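# Structural overview
Below are the chains, spelled out letter by letter.
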Amino acid sequence: MPDPNPLFIFPDKPFLSIIILAALAVAGLYLARRQAHESIRAFCRVVRNSMRIAAKSVMRGEAQLRERNREVLLAEGMELVEREVEREFQRVALVIERDLQGYPALNRKLSEQIAHIDQDYQDSSEVPPTPPVWINAVEAVAKIQDKGGRMVGEILSDIHKTIIKMQKKAGEDYWAATRKRHKILSAMMPYWRRLAGTLDIVGRTMASLQEKAKIIDRLMNDYDEIRHGTDKAVRKLSSSSMTHFFISSFGLFIAVGGAVVNFNLVALPMSEMFGGATYIAGFPASEVGALFLILLETLTGIFFMEAMGFTKLFPFIASYDDKRRHRWAIIMLIFLFIFAGMESALAFMRDIIAAQNEALLQSLSGAGGTINAHTSFIPTATQMVMGFVLPFILAMAAIPLESFIHAARTVIGVLMVGLLRFLAALLRFFGTMFYYLGSFFIGIYDLVIFPPLWAEEKIRDSGVGRRKKEAKGKKSKAADKEKNQVRNA
Amino acid sequence: MRKTILTIIPILIIAATFFSGCADTKSHTRGVYMLLDTSGTYARELKKAQNIINYLLAILQPGDSLAVARIDSGSFSEKDIVAKVTFDKRPSVANSQKRIFAERIDKFVKTVKSSPYTDISGGLLQAIEFLNESGANQKTVLIFSDMEEDLVKGHVRDFQLQMDGFKVVALNVTKLRGDIVDPREYLKRIDKWRQRVESGGGQWRVINDLDHLNAILGH
């Protein structure tokens, strides 16, 4: 028989004991009701307040992070615009150097052509016919009175002949001069054409410069907005960052795919050099070697891109002077070619080892086999070409990598802000929930001790209780009256 | 330029130090010792054993060790080792070694003579000795036998085997005539070997379906 519970008052009557114990517990709980209610409320208030304080501090952190994100975004945006402006200025410089460097010569040429044309124009101008001085003489002779003299008639006849002769000569002279002018004018045509061509070139250059100036203006406006930290600029940069993040992620994903292919291409032949049973930190040395080679190629590629000015991941390389950067780029390019050659050789070796393995497996399975299991050179050549090209493709990964690093900072910042907001909301929610849980627990507490509460209510509703209530009401009325009097006074 | 070289050299030294420091001295190689029962009619089963050896040759990697020994009247002897090899670290050399090994086994299978007694315990002892000396990390003993031990009078084999870290796989455990009459004999025989191996600290496994050879070296 099991031992009776020591708490039982009547060990042989457990049910009665339980009832008595429950009644005692209810009575105890009833007596401690006020304190218990206060404790529950206080506990829930403490939890709610703690959570609200935590939520506030999280929100403060979120605000700081948001501010920091904004600063970073603006700084990156400024750097980007600076780079774009720098590039536009370089283009302008190139245009000026290429097209307007010979502007003095062009100007001289233009002046010469204009002078030539001017001269020709001067030459072609119509010379006014010399005033016919003899007309006055003819007029004077015409006024002579004809007194029937034959002599006058003859003189006039001579004059008439002379006039006709002179008119004819004048006409001939005029036409000769006109012909000469036309000749001069037609000689001016090539000069005009040349002049038009030269002006066209100048016009085109000017238009291009104008276009670039417009771009620079736009960029400078953007720069100004970023510098002033306007919301528009922040929104624009933020959206741009998101786009860059996804595009660069895609680019990096492709680069990682290339790296995996590269790894598989070189890991097997590496075992011929490192040995198949050597391990580094628990990994086969051949695989570690292959990985190291790929990482070295990527690093070399990044340095090359940096030296060429495509990326700006390492400020110390960007700060080198052009000559030094150029030299650095050449060194990195040589390294890249060495790696490409190595990979190509390894790819060739891989093909041989794979063929040997295949031949061995065939011979072990009883099918027979030779070392040169493959008959076509195409797979070997393809592998070799892939081995040669992949280091250069990996080098290109520097561009999406830079974009990813810059964009990831913003994206992670935005995500962190969202996370902190969510955390703060969660803390507030749980705080409020705890607060109302207090009421719930109080209700449960009262439910447990409902018999004494019910009895209390009944007593209160009975005479004693009512009297007490009335007395209490009177007291409170008197107190209110007193208060009002004091207030009025 | 000089400054660049002076920067690169320390980086290379640090990298070399790092990688030499990371060099893993722990052995990752596998050692497999296969015992071939050549007693009585079981010698006819050796063609199957040859297929298993070829399978092992295909899956073992450079640096791994493989030995094949016969079980005869007194198997605790180096003379019973038909062929043994530790594959070179270079895959191309290891391939050549595998070819030579396969040829040697082929020759053995063609010329093997049946032995009157079956000293499995002696063969196991020899296997333990070989695999411990090989320094392999994963040690496996394959017993291609019906597991019916038949010792020469006077040979003592009732001692505990030290098989910590060993895995023993009984392959193609054929049922004898008596087993067909009373299968308990077969089960008792298998259980006796299981207890012997496990009491020595080893793992025991039986593979009768040779289509599932991939489980030989797996855990």
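Since the model is a prediction, treat every value here as computed from it, not as a measurement.

Turning our eyes to something else, we now look at the overall build of chain B. Scanning chain B from terminus to terminus reveals six helices and seven strands. Shown N-terminal to C-terminal, the secondary structure of chain B runs as helices and strands in the order α-β-β-α-β-β-α-α-β-β-α-α-β. By the burial criterion, 47% of the 219 residues in chain B qualify as buried. Counting contacts in chain B only where the partners sit at least 6 residues apart, residues at least 24 apart contribute 78% of the total. Of the accessible surface of chain B, which amounts to about 11400 Å², a share of 55% is contributed by carbon and sulfur atoms.

Of the regular secondary structure elements, chain A holds 13 helices and two strands. A buried classification covers 28% of the 489 residues belonging to chain A. A separation of at least 24 residues holds for 79% of the contacts in chain A among residues at least 6 apart in sequence. Only carbon and sulfur atoms are counted for the fraction: they give 66% of the accessible area of chain A, which is about 32900 Å².

Residue and element names in this part refer to chain B. In this fold, D80 is placed in the loop between β3 (65-71) and β4 (81-86). At 4.4 Å, R70 is the nearest oppositely charged side chain to D80, a buried residue that forms no salt bridge. Setting aside chain neighbours within four positions, we find D80 in contact with V68, A69, R70, D72, G74 and S75.

The next subject is the pattern of salt bridges. Applying the stated rule across the entire model yields 25 salt bridges over all chains. Across the salt bridge formed by R325 of chain A and D322 of chain A, the nearest N and O atoms sit 3.0 Å from each other. One end of the pair is R325 of chain A and the other is D322 of chain A, both in helix α9 (residues 322-364) and three residues apart, which spans about a single turn. Of the charged contacts in the structure, one is a salt bridge between E148 of chain B and R189 of chain B, with a shortest N-O distance of 3.7 Å. Note that E148 of chain B is positioned in the loop between β5 (138-144) and β6 (166-171) and R189 of chain B in helix α6 (residues 183-199), a separation of 41 residues in sequence. The exposure class assigned to E148 of chain B is partly exposed, which follows from its relative accessible area of 36%. Salt bridges linked by common partners bring E62, R66 and R421 of chain A together as one network.

With that out of the way, let us pick up the packing of helix α6 (residues 231-274) of chain A against helix α7 (residues 285-308) of chain A. All names here are of chain A. Taken N-terminus to C-terminus, the directions of α6 and α7 make an angle of 130°; their axes are 7 Å apart at the nearest point. Classified by the angle their axes make, α6 and α7 are oblique. Handedness of the crossing formed by α6 with α7: right-handed. For the pair formed by α6 and α7, the contact residues are A259, N262, F263, V266, A267, M270, S271 and F274 on the first element and A285, S286, E287, G289, A290, L291, L293, I294 and E297 on the second. A per-class count over the contact of α6 with α7 returns eleven nonpolar, four polar and two charged.

Here the focus is the packing of aromatic side chains. Residues and elements named next belong to chain A. Following the criterion strictly, the structure yields 14 aromatic pairs over all chains and no others. Centre to centre, the rings of F337 and F392 are 5.1 Å apart; their planes meet at 65°, and the pair counts as edge-to-face. Residue F337 is located in helix α9, and its partner F392 is located in helix α10 (residues 378-396); the two are separated by 55 residues in the primary sequence. In textbook terms, an aromatic cluster arises when at least three aromatic residues are bridged by ring pairs, as seen for F303, F314, F316, Y320 and W328. In this structure, R48 is placed above the aromatic ring of Y435, and the distance from its NZ or CZ to the ring centre is 4.1 Å.

What follows concerns the interface of chain B and chain A. Across the contact, 22 residues belong to chain B and 25 residues belong to chain A. When chain B packs against chain A, close to 2100 Å² is buried across both sides, 63% of that on carbon and sulfur atoms. Where chain B meets chain A, there are zero salt bridges. For the pair chain B and chain A, the interface holds three residue pairs in polar contact (both at pLDDT 80 or more). Only α1 (2-22), β1 (23-24), α2 (46-59) and α3 (91-111) of chain B provide two or more residues apiece to the side of chain B that touches chain A. Across the side of chain B that touches chain A, the residue classes tally to nine nonpolar, seven polar and six charged.

Residues and elements named next belong to chain B. Where burial is concerned, most of β6 is hidden: six out of the six residues are buried. What you see with β6 is no split at all: F166, V168 and A170 on one side and K167, V169 and L171 on the other are buried throughout. Pairing analysis gives six bridges linking β5 to β6, with the strands arranged parallel. From the neighbouring strand, K139 faces β6, where its bridge partner is F166. Bridge count between β6 and strand β7 (residues 203-207): five bridges; the pairing is parallel. Paired with V168 across the two strands is W204, which belongs to β7.

Within the largest apolar cluster, 36 residues are counted, with the highest numbers of intra-cluster contacts made by M34, L56 and L171 of chain B. Elements represented by at least two residues in this core include exactly α9 of chain A together with β2 (30-37), α2, β3, β4, α3, β5 and β6 of chain B. Residues within four places of M34 of chain B in sequence aside, it is in contact with A49, I52, I53, L56, A67, V68, A69, L142, F144 and L171 of chain B. Core analysis: the next-biggest nonpolar cluster, separate from the first, contains 26 residues, A69, A127, I190 and W193 of chain B among them.

Attention now goes to unusual backbone geometry. Residues and elements named next belong to chain B. Its identity is not glycine, yet M147 carries a phi of approximately 65°, on the positive side. Considering the arrangement of structural elements, one finds M147 in the loop between β5 and β6. Under the relative-accessibility criterion, M147 is labelled buried at 1%. Phi angles above zero are rare outside glycine, and N172 is one such case at about 50°. Structurally, N172 can be placed in the loop between β6 and α5 (177-181).

All names here are of chain A. Residues L333, F337, V385, F388, V389 and I393 make up a contiguous nonpolar surface patch of about 490 Å² in total accessible area. Sorting the residues of the nonpolar patch by element identifies α9 and α10 as the ones contributing at least two each. No other element matches the four residues that α10 contributes to the nonpolar patch. Summarising the element assignment, F388 is placed in helix α10.

Scoring rules and cut-offs
Residues numbered from 1 in each chain as written. Chains lettered and ligands numbered in written order. Predicted model: local features only at pLDDT ≥ 70, side-chain atom pairs only at ≥ 80, totals over all residues. Heavy atoms only, no water. Helix = DSSP H or I, 4+ residues; strand = E, 2+ residues; numbered from the N terminus. Buried < 20%, exposed > 50% of the residue type's maximum accessible area, 1.4 Å probe, protein only. Contact = heavy atoms within 4.5 Å. Areas by Shrake-Rupley, 256 points an atom, 1.4 Å probe, with all protein chains shown as cover. Lys, Arg positive; Asp, Glu negative; His and termini not counted. Salt bridge = Lys/Arg side-chain N within 4 Å of Asp/Glu carboxyl O. Axes fitted to C-alpha atoms, helices over the stretch in contact; angles between N-to-C directions. Parallel < 35°, antiparallel > 145°, perpendicular 65-115°, else oblique. Left-handed = near helix turned anticlockwise from the far one by under 90°. Nonpolar A, V, L, I, M, F, W, Y, C, P; charged D, E, K, R; others polar. Phe/Tyr/Trp six-rings, centres within 6.5 Å; stacked < 30°, edge-to-face > 60°. Lys NZ or Arg CZ within 6 Å of the ring centre and 35° of its normal. Buried area = accessible area lost by both parts, 1.4 Å probe. Polar contact = N/O pair within 3.5 Å; in protein donor to acceptor, adjacent residues only side chain to side chain. Pairing = 2+ DSSP bridges. Core = buried A, V, L, I, M, F, W, Y, C linked by side-chain atoms within 4.5 Å. Patch = residues over 30% accessible without salt bridge, like charges linked within 9 Å, V, L, I, M, F, W, Y side chains within 5 Å.

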